[in-house]
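Summary of the model geometry
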Amino acid sequence: MRKHAVVIGCSLAGLFAARILSDHFEQVTIVERDPVSDHPESRRGQSHTRHLHGLLAQGFRMIKELFPALENDLLKGGATISDMGEAIRWYHFDGYKRQFTSGLPAVSVSRIFLEWKILNYVSRLPNVTIEPACVVRGLAMSKDQMQVRGVYVVSGNDGASETTIAADLVVDVSGRGSKSGQWLEGLGFKRPQEDEITVGIGYATRLYHRRPNDLLGAKLVMISPTPPTQKHMTFLFPIENDRWIVSAGGCLGDHPPTDESGYLEFIRHLPAPDIYDVISHAEPLSDIYTYKFPSSLRRRYEKLVRFPEGYLVLGDAIASFNPIYGQGMTSAAMQVKVLDGLLRQQSTLAGLWRQFFQRIGKVVDIPWQIAACEDFRYPETVGDKPIMTDLTNAYLAKVHRATQHDTVVYSQFLKVMNLMAPPTSLLHPKIVCRVLLGS
Ligand SMILES: Cc1cc2nc3c(=O)[nH]c(=O)nc-3n(C[C@H](O)[C@H](O)[C@H](O)COP(=O)(O)OP(=O)(O)OC[C@H]3O[C@@H](n4cnc5c(N)ncnc54)[C@H](O)[C@@H]3O)c2cc1C
């Protein structure tokens, strides 16, 4: 029964999925549209990987469970892993958050290098095969059209070679552009409802040479906007090979310029000088790459009542979050953990989709709410605004200000943002007292 699983997409969530499926299936095949290189590089199908990616503490913990050698290998490769509270100089709500020892890891590494390391581990698994330059075009179904039996793929440079790969389970991890909705509709099923919150984020990212004394008293800098008046942000993280990665961003269409002098001016006019002070003297090592992220997008598979057996959807294909909160990789790791748990519990694959999507709905709820709440501080944000958002945001504004002087509040805030504690923990009487009395 559990002979062969097919994973559509060989980006980070696809690799996590393949790693788990390799424990439960005799054979796993990852089908990837792009050619897959044997060195770290961003591919056409995931150009967002050139931009700064922060890995939340919860994500790091879970990814290390999947790949125990990761921490050492990242350090050997030149990543920086330090205490988050000590390492981050974070300007937000008109002040710097108080630096302190938090016990949470801040992992600073390029997304490209992180994925390349993980690709290496997965491609060494004896029962995993990667099929690069191979596009999934549709789902092969059982005669009664109720069960996915595999995928139709096209491979080769001219796209001439069309085949079917048979599978007991197919997992769509093809990212935000996933065609699952379309494929399902073509097969007589309903598309999932899509929830969308328009955030209009534009990123402009550049790499710089990093010198040892560039930044004193911190390892990375985040300058976040204070809504609703400010829309600009910039993050500076150290990455391997003595480089800085700098991602400047703007929301609701107010994007950073992409010419050299405009880019520097944008960063010079941020409310804190720290990033400009570093990069105005640093040697640029790349062009300025851009990325536009129109909206957070969530597909509500958990609401479907009819769905084919033998098919799941995971990663950005389920939920693609406003990237400024750094939740995508962690959400993918959490989803994969759910899949692992279910495959351990269930002896057959029958009904797996229902259990999986129900639980994934809950996994996605929290990061989705955290991001949505902050995004609705801007009156121009379009989407379904959760009830009580304004009230929550009024309290959270006080939390943000308290993090500038109170390390107990900041510690709890970091745990929530890193998905290590539920948002309701910020309503614990001990925290509420400190937030309200302190302000
Ligand atoms: C600008 C930006 C910044 C971000 N910053 C952060 C951050 O700071 N922290 C964080 O945790 N997350 C961040 N994210 C999210 C993070 O990048 C994703 O969550 C993560 O890459 C996992 O995505 P994925 O593997 O589900 O999909 P993707 O990375 O989109 O990969 C999908 C893969 O599927 C392949 N594919 C697509 N269609 C087919 C097909 N038909 N057949 C075969 N293959 C196919 C594609 O080529 C691609 O390789 C950011 C996202 C963006 C856009």
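Given the structure is predicted, the values throughout are model-derived calculations rather than measurements.

Reading guide: rules and limits
Residues numbered from 1 in each chain as written. Predicted model: local features only at pLDDT ≥ 70, side-chain atom pairs only at ≥ 80, totals over all residues. Heavy atoms only, no water. Axes fitted to C-alpha atoms, helices over the stretch in contact; angles between N-to-C directions. Helix = DSSP H or I, 4+ residues; strand = E, 2+ residues; numbered from the N terminus. Left-handed = near helix turned anticlockwise from the far one by under 90°. Contact = heavy atoms within 4.5 Å. Nonpolar A, V, L, I, M, F, W, Y, C, P; charged D, E, K, R; others polar. Polar contact = N/O pair within 3.5 Å; in protein donor to acceptor, adjacent residues only side chain to side chain. Salt bridge = Lys/Arg side-chain N within 4 Å of Asp/Glu carboxyl O. Domains from an automatic or database assignment. Buried area = accessible area lost by both parts, 1.4 Å probe. Near = heavy atom within 4 Å. Areas by Shrake-Rupley, 256 points an atom, 1.4 Å probe, with all protein chains shown as cover. Expected span 1.5 Å × (residues − 1). Buried < 20%, exposed > 50% of the residue type's maximum accessible area, 1.4 Å probe, protein only. Pairing = 2+ DSSP bridges. Disulfide = S-S within 2.5 Å.

Across the interface, helix α9 (residues 328-345) lies against helix α10 (residues 352-375) with an axial gap of 10 Å and an inter-helix angle of 145 degrees. Considering the relative orientation of α9 and α10, their crossing is right-handed. Touching S331, M334, Q335, V338, L339, L342, L343 and Q345 of α9 are L352, Q355, F356, R359, I360, V363 and V364, all from α10. For the contact of α9 with α10, the per-class residue count stands at 10 nonpolar, 4 polar and 1 charged.

Relative to the assigned elements, D274 resides in helix α8 (residues 274-279). Among the polar contacts listed, one links the side chain of D274 to the side chain of R89, at a separation of 2.9 Å. Of the polar contacts made by the side chain of D274, one reaches the side chain of Y96; its length is 2.5 Å. Contact partners of D274, with chain neighbours within four places excluded, come to R89, Y96 and V221.

Time to look at the pattern of salt bridges. Overall, the coordinates contain 27 salt bridges when judged by the stated rule. Between D195 and R300 there is a salt bridge whose closest N-O contact spans 2.6 Å. Taken as a pair, D195 in strand β12 (residues 193-209) and R300 in strand β16 (residues 289-300) lie far apart in primary sequence, 105 residues in all. One network of salt bridges, with partners in common, ties together E32, D34, R43, R111 and E115.

In this section: the domain arrangement of the chain. In terms of domain boundaries, the chain breaks down into domain 1 (4-46 + 53-57 + 115-195 + 300-373), domain 2 (81-109 + 196-293) and domain 3 (380-438). Its C-alpha centre places domain 1 at a distance of 31 Å from the equivalent point of domain 2. Counting residues at the interface gives 14 residues for domain 1 and 13 residues for domain 2. For the domain 1 and domain 2 pair, buried surface summed over both sides reaches about 1100 Å², with 68% attributable to carbon and sulfur atoms. Broken down residue by residue, the surface that domain 1 buries against domain 2 is led by A57, P323 and I324, which jointly contribute 38%. In this structure, the connection of domain 1 to domain 2 is made through 0 salt bridges.

Around the ligand there are 32 residues in total, and S11, E32, H53, R111 and D316 lie nearest to it. In this structure, R111 approaches the ligand through a side-chain N or O atom, which is 2.6 Å from an oxygen atom. In the environment of the ligand, an oxygen atom lies 2.8 Å from a nitrogen or oxygen atom belonging to the backbone of M329. Contact with the protein chains hides 95% of the accessible area of the ligand, taken as 1000 Å² for the molecule alone. Going through the elements one at a time, α1 (12-24), β8 (134-141) and α9 are the ones with two or more residues in the shell around the ligand. By residue class, the composition of the shell around the ligand is 13 nonpolar, 13 polar and 6 charged.

Under the 1.5 Å per step criterion, the end-to-end length of helix α11 (residues 389-402) is 19 Å for 14 residues, consistent within 8% with the ideal 20 Å. Every buried residue of α11 is accounted for by T389, N393, Y395, L396, A397, V399, H400 and A402. The secondary structure elements touched by the buried residues of α11 are β4 (88-92), α10, α12 (407-417) and α13 (429-438).

Let us look at the side chain of S37. Residue placement: S37 occurs in the loop between β2 (27-31) and α2 (57-66). In this structure the side chain of S37 is engaged in a polar contact, spanning 3.1 Å, whose partner is the side chain of H39.

Okay, the sheet that holds strand β10 (residues 161-166) next. By definition, the strands of a sheet pair up through backbone hydrogen bonds, in either a parallel or an antiparallel sense. Taken together, the 3 strands give an open sheet; going across it, the order is β8-β9-β10, and neighbouring strands pair in antiparallel fashion. Edge positions in the sheet fall to β8 and β10, since each has one partner strand and no second. Pairwise comparison of adjacent strand axes, ignoring direction, gives a mean angle of 25 degrees for this sheet. Note: strand β9 (residues 148-155) against β10, 6 bridges, orientation antiparallel.

Our focus in this paragraph is the state of the cysteines. Using the criterion set out here, one finds 0 disulfides in the structure. Not engaged in a disulfide, the cysteine C373 finds its nearest cysteine sulfur in C251; these two sulfurs lie 15 Å apart.

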